[in-house]
Amino acid sequence: MKGAVVHLKDTRALSQRSYITAEDGTYHFAQISGTTDYEVWADLDGKKTPVKSISSFDTKTNFMIALRFND
């Protein structure tokens, strides 16, 4: 969804980055550490998506995570 704020939280350091989605609803975080666990979620107009986790045990180098708002 356009204009949503996507949050990426490092669960160890508790640092957080945010990204505003593009016109087509996409988002991108660069330079993610493969040795860190993360949580990702989005919010827009007072609504929040469920939190998704990215595990340091996952060997993927790219993640495609669809965040959907509950009705």
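Preceding this paragraph is the structure being described.
Residues numbered from 1 in each chain as written. Predicted model: local features only at pLDDT ≥ 70, side-chain atom pairs only at ≥ 80, totals over all residues. Heavy atoms only, no water.

A. How the structure looks around the environment of Pro50. Counting through the fold element by element, Pro50 comes out in the loop between strand E4 (47-48) and strand E5 (52-54). Between the C-alpha atom of Pro50 and that of Gly25, which follows or precedes it by 25 residues, the distance is 17 Å. Residue contacts for Pro50: discarding those within four places in its chain leaves Val40, Trp41, Leu67, Arg68 and Asn70. (Helix = DSSP H or I, 4+ residues; strand = E, 2+ residues; numbered from the N terminus. Contact = heavy atoms within 4.5 Å.)

B. Broad picture of the pattern of salt bridges. Applying the stated criterion across every chain yields a total of 1 salt bridge. The salt bridge involving Glu23 is made with Lys2; its shortest N-O contact spans 3.4 Å. Pair noted here: Glu23 is in the loop between strand E2 (16-20) and strand E3 (38-44) and Lys2 is in the segment before strand E1 (5-10), with a separation of 21 residues, a long-range link. (Salt bridge = Lys/Arg side-chain N within 4 Å of Asp/Glu carboxyl O.)

C. Layout of the side chain of Thr49. Its place among the elements puts Thr49 in the loop between E4 and E5. Taking the relative accessible area as the measure of exposure, Thr49 reaches 3% and is therefore buried. Contact partners of Thr49, with chain neighbours within four places excluded, come to Trp41, Ala42, Leu67, Arg68 and Phe69. (Buried < 20%, exposed > 50% of the residue type's maximum accessible area, 1.4 Å probe, protein only.)

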